[in-house]
Amino acid sequence: MSEFKRTQKNDFSKGSVWKCILKQAVPLTVAQLVHLLYNVVDRVYLGHMGEGDSMALTGVGLVFPVVTLIMAFTALFGNGGVPLFAMARGAGNDKKAGRVLGNSFALLLGSAGVLTILGYIFSRDILFAFGASEESYVYAQEYVRIYLAGTVFSMIATGLNGYINAQGFARTGMLSVVIGALVNLVLDPLFIFTMELGVAGAALATVISQAVSAVWVLSFLFGRRALIPLQRKNITVQRDITRQIFRLGTANFIMQGTNFAVQVACNTTLQSYGGDLYVGIMTVATSVRDVFMLPVSGLIQGAQPVISFNYGAKEYERVRAGIRFNTAAGTVYTAVAWLLVWLFPQFWFGIFSDDMQMLSTGLPMLRIYFFGFMFMALQFAGQSSFQAVGDARHAIFFSLLRKAFIVVPLTLLLPVMGFGVRGVFLAEPISNVIGGTACYLTMRMTLYRALGREIQAN
């Protein structure tokens with residue numbers, strides 16, 4: 001295919017907006033589904049390992065904040081540059097887009113090195129601060145000491161994959177995830193059961209899988225198929241580009257960082273009021289949520305480069321159409337997902353654990369945790385729209401609002417107010433309703449109306 005035809009094919013200003021979004025979103029959703037195998041398959045196998053399986057799940061759950069913190073820096077330096085990259089493409093400035101890509105890669109490499117070193121130095125203190133007991137620490141430490149070795153692979157694979165999708169190669173971006181996850185799927189039972197490595201085997205399988213994905217991503221971006229390849233001359237930290245990446249990536253960082261704060265608050269509070277059993281139940285609840293969030297996440301990630309491209313090209317009606325499609329599709333899906341969890345909680349919980357005590361205690365907690373799940377679609381539709389057009393101020397504020405200003409305080413206060421461990425699970429749906437509604441209404445009254453005024457003016 002000629003350069004001209006490839007460029008035309010990946011021009012997001014042509015054709016129906018919803019078709020452009022779905023063309024990106026479907027492969028990304030498949031990729032998200034398979035990517036979840038990196039984490040979920042570990043939990044499924046460990047949850048059915050036999051004696052001590054609930055404690056193994058608890059130990060892995062204690063590592064979640066560490067993984068989330070790594071993902072926060074990945075989102076800051078990797079995903080933070082993707083809207084900037086897409087807007088530069090839309091404006092026809094390929095030179096700037098190439099600088100953004102190279103700068104992002106340099107930042108990811110540097111931060112991965114620093115995080116790996118700090119993780120090894122402070123791992124014990126970190127895990128106990130996150131709610132570990134002497135018993136669960138054994139499992140958590142076994143997992144985290146291996147997982148940290150793959151930090152650079154994880155950050156490259158996840159942080160740079162968005163630049164493949166932003167060039168219109170959604171299927172290639174999907175394969176970046178699928179290939180690694182299939183490796184993980186094969187290695188997990190081999191390492192955990194056949195070689196009897198247990199938790200260490202789950203971590204080792206994840207690291208190898210992430211390395212395979214990272215090699216795939218780099219081979220494409222350095223190769224000839226990329227419209228805007230990763231060039232060695234651009235792999236530097238440039239002050240002006242870094243400042244712009246940081247500004248847009250801060251919203252991503254805060255979103256992941258507040259997830260980190262929530263996970264720590266949940267683990268420590270549950271440890272105080274319910275012990276290791278309830279930390280394990282929260283691990284299952286968040287795992288079920290991760291499964292159901294996949295299509296929404298794929299939709300949002302598929303829509304962002306389309307919206308950013310059209311915003312850069314000043315096709316404002318197409319931007320509004322993209323926002324409307326995101327909202328409608330996301331709301332309908334999350335309403336159906338909420339109903340499925342409410343009607344069949346035992347099925348979803350049973351995927352991750354066959355421990356009868358955990359199952360009987362956890363089913364009511366799962367229903368509480370998922371209440372009002374559809375409001376998450378409003379949060380994502382609003383926040384991703386702000387981010388796609390470079391409105392970092394609103395994106396950052398609503399990242400903080402739902403998690404830092406609502407979930408964390410409620411997680412700490414509701415148990416004290418007499419709700420006990422139920423209060424920890426109740427904090428999530430309350431934040432979904434308040435935060436999601438506030439974010440979406442603000443987006444409609446500011447960004448969406450401003451786009452309408454621009455259309456009328458032209």
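Residues numbered from 1 in each chain as written. Predicted model: local features only at pLDDT ≥ 70, side-chain atom pairs only at ≥ 80, totals over all residues. Heavy atoms only, no water.

### Examining the overall build of the chain
Part 1 of the argument: Regarding its fold elements, the chain presents 18 helices and zero strands.
Part 2 of the argument: Compactness check: the chain gives a C-alpha radius of gyration of 21 Å against a globular reference of 23 Å for 458 residues, within 12% of the reference.
Part 3 of the argument: Overall, the C-alpha framework of the chain stretches about 65 × 45 × 35 Å when taken along its three principal axes.
Part 4 of the argument: Going through the 458 residues of the chain one by one, you find that 59% of them count as buried.
Part 5 of the argument: Within the chain, contacts between residues at least 6 apart in sequence are counted, and of these 84% link residues at least 24 apart.
Part 6 of the argument: Accessible area of the chain: about 18100 Å², with a carbon and sulfur share of 65%. (Helix = DSSP H or I, 4+ residues; strand = E, 2+ residues; numbered from the N terminus. Rg over C-alpha atoms; globule rule 2.2 N^0.38 Å. Buried < 20%, exposed > 50% of the residue type's maximum accessible area, 1.4 Å probe, protein only. Contact = heavy atoms within 4.5 Å. Areas by Shrake-Rupley, 256 points an atom, 1.4 Å probe, with all protein chains shown as cover.)

### Some thoughts on unusual backbone geometry
Part 1 of the argument: The residue Lys314 is not glycine, and still its phi comes out positive at about 65°.
Part 2 of the argument: In this structure, Lys314 sits in the loop between α11 (276-312) and α12 (316-343).
Part 3 of the argument: With relative accessibility at 60%, the residue Lys314 sits in the exposed group.

### Some points on the environment of Ser123
Part 1 of the argument: Mapping Ser123 onto the fold places it in helix α5 (residues 94-129).
Part 2 of the argument: The sequence separation of Ser123 and Arg145 amounts to 22 residues, and the corresponding C-alpha distance is 7.9 Å.
Part 3 of the argument: Here Ser123 is in contact with Gln141 and Val144, once residues within four sequence places are set aside.
Part 4 of the argument: In this structure the side chain of Ser123 is engaged in a polar contact, spanning 3.5 Å, whose partner is the side chain of Gln141. (Polar contact = N/O pair within 3.5 Å; in protein donor to acceptor, adjacent residues only side chain to side chain.)

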